[in-house]
Amino acid sequence: MNKTILSLVLGIVIGIVCSYFLLDYQSQTIEFINHNGEKSKIVQELDFNFISNTVALMIGASLAVYFTLLWLENKNYR
């Protein structure tokens, strides 16, 4: 149980740090202009590709930490 919680926490932290430094997030905005040429509405959108890539990095990092801890545990018992 301790190994699972540790791998999840470390995977989330490592995944967020890696996505911050490795993935280029470019916020997308849509500007609606009314008939006078003035900006009437600005909409901020989420980038779902960025979110899915971040989640994939977190899952991958969690699995890597879990299997590393499992390997170290088995290596120490021999």
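Quick caveat, the model's predicted, so the values are computed rather than measured.

Reading the values: the criteria
- Residues numbered from 1 in each chain as written.
- Predicted model: local features only at pLDDT ≥ 70, side-chain atom pairs only at ≥ 80, totals over all residues.
- Heavy atoms only, no water.
- Helix = DSSP H or I, 4+ residues; strand = E, 2+ residues; numbered from the N terminus.
- Rg over C-alpha atoms; globule rule 2.2 N^0.38 Å.
- Contact = heavy atoms within 4.5 Å.
- Areas by Shrake-Rupley, 256 points an atom, 1.4 Å probe, with all protein chains shown as cover.
- Lys, Arg positive; Asp, Glu negative; His and termini not counted.
- Charge placed at Lys NZ, Arg CZ, Asp CG, Glu CD.
- Buried < 20%, exposed > 50% of the residue type's maximum accessible area, 1.4 Å probe, protein only.
- Expected span 1.5 Å × (residues − 1).
- Salt bridge = Lys/Arg side-chain N within 4 Å of Asp/Glu carboxyl O.
- Patch = residues over 30% accessible without salt bridge, like charges linked within 9 Å, V, L, I, M, F, W, Y side chains within 5 Å.
- Arc of directions from axis to C-beta.

**Thoughts on the overall build of the chain**
Next up, step 1: The secondary structure content of the chain amounts to 2 helices and 2 strands.
Next up, step 2: In the chain, the succession of α and β elements from N to C terminus is α-β-β-α.
Next up, step 3: Over its C-alpha atoms the chain spans a radius of gyration of 21 Å, topping by over 25% the 12 Å that the globule rule assigns to 78 residues.
Next up, step 4: Seen through its C-alpha atoms, the chain measures out along the principal axes to roughly 75 × 20 × 15 Å.
Next up, step 5: Summarising the internal contacts of the chain: among those between residues at least 6 apart in sequence, 57% fall at separations of at least 24.
Next up, step 6: Element-wise, carbon and sulfur atoms account for 63% of the exposed surface of the chain, whose accessible area totals about 6,500 Å².
Next up, step 7: Across the chain, the centroid of the 5 positively charged side chains sits 19 Å from that of the 6 negatively charged ones.

**A closer look at the environment of Asn34**
Next up, step 1: Along the chain, Asn34 turns up in the loop between β1 (28–33) and β2 (39–45).
Next up, step 2: On the basis of relative accessible area, Asn34 is assigned to the partly exposed category, the value being 27%.
Next up, step 3: A C-alpha to C-alpha distance of 20 Å links Asn34 and Glu45, two positions 11 residues apart in sequence.

**Let's talk about helix α2 (residues 48–77)**
Next up, step 1: Taking 1.5 Å as the rise per residue, α2 with 30 residues should run 44 Å; its terminal C-alpha atoms sit 44 Å apart, in good agreement.
Next up, step 2: Thr54, Met58, Ala61, Ser62 and Val65 are the residues of α2 that are buried.

**Points about the pattern of salt bridges**
Next up, step 1: Per the stated rule, a full pass over the model turns up 1 salt bridge.
Next up, step 2: Lys3 is paired through a salt bridge with Glu73; the nearest N and O atoms lie 3.2 Å apart. Linking Lys3 in helix α1 (residues 2–22) with Glu73 in helix α2, this pair joins segments that are 70 residues apart in sequence.

**Quick word on the environment of Ile42**
Next up, step 1: Mapped onto the elements of the fold, Ile42 is located in strand β2.
Next up, step 2: With a relative accessible area of 49%, Ile42 lands in the partly exposed category.

**Brief notes about a nonpolar patch on the surface**
Next up, step 1: Taken together, the side chains of Ile5, Val9, Val13, Val17, Tyr20, Phe21 and Leu22 define a hydrophobic patch exposed on the protein surface, amounting to about 770 Å² of accessible area.
Next up, step 2: One can find Val13 in helix α1.

**Details of α1**
Next up, step 1: Compared with the 30 Å implied by 1.5 Å per residue over 21 residues, the 29 Å span of α1 between its first and last C-alpha is a close match.
Next up, step 2: Taken residue by residue, α1 has Lys3, Ser7, Gly11, Gly15 and Ser19 as its buried positions. Buried residues of α1, seen end-on, are gathered within an arc of 105 degrees and therefore sit on one face of the element. With respect to the buried face of α1, the exposed residues turned more than 90 degrees away are Asn2, Tyr20 and Phe21.
Next up, step 3: For α1, the secondary structure elements touched by its buried residues are α2.

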